[in-house]
Each structure stands twice: as structure tokens, then as C-alpha cells.
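Observations on the model geometry
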Amino acid sequence: MRYISTRGQAPVLNFEEAMLTGLASDGGLYVPETIPTLSEAEIAGLAGLSYEEAAFLVMKPFIGDTFTDAEFKEIIAKAYVGFKHDARAPLVQLGPNHFLLELFHGPTLAFKDFAMQLIGQLFQAALSRSGKRVTIVGATSGDTGSAAIEAFKGLSNVDVFILFPHGRVSDVQRRQMTTPSEANVHALAVEGDFDDCQAALKEMFADHDFREGVKLAAVNSINWARVLAQVVYYFTSAVSLGAPHRKVSFTVPTGNFGDIFAGYIAKRMGLPIDKLVIATNQNDILHRTMVTGAYTKEGVTPSISPSMDIQVSSNFERALFDVYDREGAAITQLMDELKSGSFAISQGAMDRLRETFASGRASENETMATITDMYARSGEVLCPHTAVAVKVGEENLSEVPMISLSTAHPAKFPAAVEAACGVHPALPPHMADLFERDERFTVVPNDLEGLKTLIRERLA
Ligand SMILES: *Cc1c(COP(=O)(O)O)cnc(C)c1O
């Protein structure tokens, strides 16, 4: 299995190289050269398997010969052993034909653990074999950072630096990043917003000397291995509801388009997905794009679903690459236009996007009202991100079962949840002492050169 860049100018890599590199050197994102498919019989055969067994069968075609079957099975087993639910990704029912896929039973209580725990084990296995060392720098709107720190802390061949927007993540999110005491963990509070953090990260990758000097690796949602890990729960949940003999739809609370892009890959692999519904909060660039065909940057307005507070949606480039017939030059041109704030998507490309994706948006009030309402109607306490999905999912109900993704535990966002439904969501027992632990982080100006210097100094 070979991986190519969406901008067509970076070297073609194998799975291990694409995973360790993250962002391609031409500024593009790595995608598989061809998408493997599972037959109807193979999909049907996933029924009744454990999450780990299904994960092995779904992901194996993508990893080539990077790991033997036995090694890959062990990696998967280690990745998910820390999850607090035997099903890993259980389904619960919200109402007629509407289901919730709970993705928050991992160590940091958000769906990002599915990808990050796997990536931690993949990196460890690959690096300890080669004796190499890498520096992971990640930008986070809240949940990625804690998931990365939890996955990489204490690993011997990795240093992990996480950039998060100072004062713009929840207390629980910040404490999950700032309380681990392992020496290879560096939490950096940037005086800016998430897009500033992400922009700094992209600049670091574009700086060849820095990139090579510190052996930079990215584990943001642009990392292909992360997308891959997320493909699995689309299969396990769909099969639970009758796939491949019955279609299902998904509504996905979306920021960087990583999670929903994994659903798109599942569909391309043969899973009978009817609609993939993009659910955004008030930072709705993707919803506006689906409605108007113009991808236009606006400022970020902080919301009660902070992990979706983004201005540009990095992984959308991967979807564009496909609907532009995989022409790297076309994508390069669109991304150049975006530097001045906007690009228009061709009618043909929009038609193809709309064949697969629908979209919707939830305002702050609608998000709150959905938490209130769902608690009254089903007893389920939703986190604000999940409420965005549930609101948009309800608007898209049909005769096809709808699965809305529940991406975080409500206890990560207790203030909004309590204000909406009167229930104070308690942290699970393994995190009950989070507010007693010591914090350790550095506040840094939003300045690229300063950030690079700090990273070099910490590594020295
Ligand atoms: C990251 C995150 C999202 C958005 O996921 P993307 O892959 O960036 O679209 C949604 N909900 C929660 C809780 C998250 O942490």
C-alpha cells in the first residue's frame, strides 16, 4: 500500500513513513493511492467479533508489510486495553431510528483516544525497531492534546509538545494536558486561538531545517494513521445495526473533518452508508461550503463546543482531492487561493460532495436546547459537541437508521451541561482527583521563531 500527497509534489511513501511524517513536504496530506474494499461477506463476518478483532480486519489492508499480523494484533490489543467499556464503542438508542455511538470510554474521555492510543503503540513499535527518536508537535483545540499526551507520555523514543490556545480550553481539558508529570511531555499555552496554533505547526513543518533538525512528527488529525483508526467504529456500529444487509447514516460533529472523513473511507471500502451528515457549531465553514459552494474563512467565535472551534478544516482537502479526480495541481491552486481568504468549488465537485455528504449547523442556543431536551426525552446527558450532532442528526432522520457520534463525555464540559439540564456530570472514578493534581505548563507568545527556539532548547 502506497501513500500519495493531495498536492502531488511530495515523495510517495509506505504506511510507516506516512505515519511518522504526518504532513507531506509539499503542504499536502497523505492518502492511500487506492482504497481497498471489503466484500459483503467480509463485512458481514465482522458481526459478533470483538472491537479489536474487527479493528484488525478493517485496518490490515492499509498497513502493507509495516507490521506482521501478530505484531499488529498486539499493537491493537495494547491500544484499547485502557478503555473503560468492554465494547469500546457501544451504541445506545436515543429515539425511533436514532442511535448514539459512545466514543468517550478511553483514557481522556473523548473519541480522539481511539486514534491516539493506536498511534502511540504504532510509533513505539516502529521507533524501537529502528532505534530512532522523534519530536511530536501537536496543535489542539482541547481534546487532541490530552489524547496525545496520554498516548505518548513516558515513551522512550518520543518527546511531545502540545500547543493549545491559552484560556480557550475547558478546565478539564487543560488539566488533562498539564498534570502528567513525565519529562517527555511539554504543554505550551499559546497566546492566540486554535488556528494560530495550527498555523504555527504548519510553518514548522514547512521549515525544512527545523523539521529535520528535531525530527518532527505530527499526530494531528492530518496524520493518516489517525484517520485509519477511526474507520473501525463506523464498521462495528453499522454492522451492529444490520449492515451490510441494511444501510445506515451517520451524523458527525465536525471541526477538522478528520472523523467524518474516516466515515467516507468506510463508505469507499464498501460499507453501505447512505448519508454522512456534517454537523458544525456556529463556526460553520463546512456547512456554509456545502450550501454555497464557496469555502470562505471567517474569524473563530468561541463556543461551548470548543473542540470544533476552527476557521479552516484541514482534512477537507482529502475529500476535495477525490472530487477533483485526484489532481494535485487543482488542490494546490485552491489552497493558494485560500491564502487570500476563499476559494470556489466547481459545480461538478460540489455535486459529487453532495452525493455523499449532507450538512447542518447548531447555534449555541440550539446546542443548549438539545442537551435539555434529550435529557428530558431519553435520560441521556450529552456533551455540547455531541448535542450539535444530535440536533443535526434529528433533522436528517429517515427510514435509514441514523447513528450520531458522541465524541466526548459530558464531564469534560460540566458548566454548559449543568446549565442546560441541571445535572452535574461527574468525572469517572479514574479521573476523580484531576482537580487536586499539580499543573505544569508554559505560556508562550504567538510567535513562530520563539516557539521553535523553545522546542530546540527543551530538546537540548
Ligand atoms: C476533535 C473533536 C471533534 C471534531 O473532530 P474532527 O475530526 O476535527 O472533525 C468533535 N468533538 C470532540 C469532542 C472533539 O474532541
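All values derive from a computational prediction rather than experimental measurement.

Turning our eyes to something else, we now look at the site of the ligand. Within the structure, the ligand sits among 15 residues, and K112, D143, G255, N256 and T407 are positioned closest to it. One of the backbone N or O atoms of G255 is found 2.9 Å from an oxygen atom in the ligand. At a separation of 2.8 Å, a nitrogen atom of the ligand approaches a polar side-chain atom of T407. Coverage of the ligand by the protein chains reaches 98% of its 380 Å² of free accessible surface.

What follows covers the UniProt feature "modified residue: N6-(pyridoxal phosphate)lysine" (unreviewed entry) in the protein. Here, UniProt's "modified residue: N6-(pyridoxal phosphate)lysine" (unreviewed entry) annotation points to K112. Considering the arrangement of structural elements, one finds K112 in helix α5 (residues 112–130). In contact with K112, not counting residues within four places along its chain, are D143, T144, A147 and R226.

With that settled, consider the side chain of S249. Residue position: S249 is located in strand β9 (residues 248–253). Relative accessible area serves as the criterion here: at 3%, S249 is assigned to the buried category. In contact with S249, not counting residues within four places along its chain, are D274, K275, V400, P401, M402 and I403.

For strand β7 (residues 185–191), the buried fraction is high: six of the seven residues fall into the buried class. Alignment of strand β6 (residues 158–165) against β7, held across six bridges, turns out to be parallel. From the neighbouring strand, F164 faces β7, where its bridge partner is A189. Read as a crossover between parallel neighbours, the route from β6 over helix α7 (residues 171–178) to β7 is right-handed. As paired elements, β7 and strand β15 (residues 442–445) share four bridges and run parallel to each other. Within β15, the position partnered with A189 by the bridge is V443.

Here we come to the packing of helix α16 (residues 364–378) against helix α18 (residues 414–421). The N-to-C vectors of α16 and α18 enclose an angle of 60 degrees; their axes lie 8 Å apart at closest approach. With respect to α18, the element α16 is oriented oblique. Between α16 and α18 lies a crossing of right-handed hand. The residues of α18 that touch α16, namely those facing M368, I371, T372 and Y375, are A416, V417, A419, A420 and C421.

Once that is clear, we can look at the UniProt feature "domain: Tryptophan synthase beta chain-like PALP" (unreviewed entry) in the protein. According to UniProt, the feature "domain: Tryptophan synthase beta chain-like PALP" (unreviewed entry) maps to residues 97–331 in the numbering used here. Counted over residues 97–331, helix gives 45% and strand 19%. Its end C-alpha atoms are 38 Å apart.

Among the nonpolar cores identified, the biggest contains 140 residues, and F123, F152 and L320 are the most heavily contacted of them. Ignoring anything within four residues of it in the chain, the contact list for F123 reads M19, L20, S128, V134, I136, F152, A217 and V219.

With that settled, consider the pattern of salt bridges. A side chain of one charge can pair with a side chain of the opposite charge if their charged atoms are brought near each other. Scanning the entire structure with this criterion turns up 28 salt bridges. When the shortest N-O distance is used, the salt bridge between E33 and R2 registers 2.9 Å. Linking E33 in the loop between β2 (30–32) and α2 (40–44) with R2 in the segment before β1 (3–5), this pair joins segments that are 31 residues apart in sequence. With a relative accessible area of 32%, E33 lands in the partly exposed category. Judged by its relative accessible area of 46%, R2 is partly exposed.

Inspection of the entire model under this criterion finds 20 aromatic pairs. Both rings, one in F83 and one in F114, keep their centres 4.9 Å apart while their planes meet at 65 degrees; by these two values the pair is edge-to-face. Of this pair, F83 sits in the loop between α4 (69–80) and β3 (91–95) while F114 sits in helix α5, placing them 31 residues apart in sequence. Note on accessibility: F83 and F114 belong to one class, buried. Considering the side-chain rings of F123 and F152, the 5.5 Å spacing of their centres and the 85 degrees angle between planes classify their relative orientation as edge-to-face.

The next point concerns the sheet that holds β7. On the basis of which strands lie adjacent, the open sheet formed by five strands has the order β8-β5-β6-β7-β15 and parallel pairing. The sheet is open, and its two borders are formed by β8 (216–217) and β15, each paired with just one other strand. One ladder, built from two bridges, connects strand β5 (residues 134–139) with β8; its direction is parallel. Bridge pairing in β8 links T135 to L216. Of the strands in this sheet, β5, β6, β7 and β8 are in contact with helix α8 (residues 194–206), which crosses β5 at around 150 degrees.

This next bit is on helix α14 (residues 328–338). Among the residues making up α14, those that are buried are G328, A330, I331, L334, M335 and L338. Mapping the buried residues of α14 onto a view down its axis gives an arc of 160 degrees, with all of them on the same face. Exposed side of α14, more than 90 degrees from the buried face: A329 and Q333 are the residues found there. Where α14 is buried, its residues meet β11 (294–296), α13 (316–323) and β12 (342–344).

Pairs of packed helices are described in terms of their axes, by the angle between the two and the distance that separates them. Their axes nearest at 9 Å, the elements helix α12 (residues 285–292) and helix α15 (residues 347–356) cross at an angle of 115 degrees. Regarding α12 and α15, the two cross each other, and that crossing is left-handed. Across the interface between the two elements, T289, M290, V291 and T292 of α12 pack against M350, L353 and R354 of α15.

Among the secondary structure elements, F413 is positioned in the loop between β14 (402–406) and α18. Using a relative accessible area of 5% as the deciding quantity, one classes F413 as buried. Separated by 267 residues in the primary sequence, F413 and S146 have C-alpha atoms spaced 14 Å apart. The residues touching F413, leaving out its near neighbours within four places in the chain, are D143, S170, Q173, I304, P306, C383, P384, H385 and A408.

Rules used in this analysis
Residues numbered from 1 in each chain as written. Predicted model: local features only at pLDDT ≥ 70, side-chain atom pairs only at ≥ 80, totals over all residues. Heavy atoms only, no water. Near = heavy atom within 4 Å. Polar contact = N/O pair within 3.5 Å; in protein donor to acceptor, adjacent residues only side chain to side chain. Areas by Shrake-Rupley, 256 points an atom, 1.4 Å probe, with all protein chains shown as cover. UniProt positions renumbered as here; feature names shortened; annotations may be inferred. Helix = DSSP H or I, 4+ residues; strand = E, 2+ residues; numbered from the N terminus. Contact = heavy atoms within 4.5 Å. Buried < 20%, exposed > 50% of the residue type's maximum accessible area, 1.4 Å probe, protein only. Pairing = 2+ DSSP bridges. Right-handed = clockwise from strand over helix to strand, strands pointing away. Axes fitted to C-alpha atoms, helices over the stretch in contact; angles between N-to-C directions. Parallel < 35°, antiparallel > 145°, perpendicular 65-115°, else oblique. Left-handed = near helix turned anticlockwise from the far one by under 90°. Core = buried A, V, L, I, M, F, W, Y, C linked by side-chain atoms within 4.5 Å. Salt bridge = Lys/Arg side-chain N within 4 Å of Asp/Glu carboxyl O. Phe/Tyr/Trp six-rings, centres within 6.5 Å; stacked < 30°, edge-to-face > 60°. Arc of directions from axis to C-beta.

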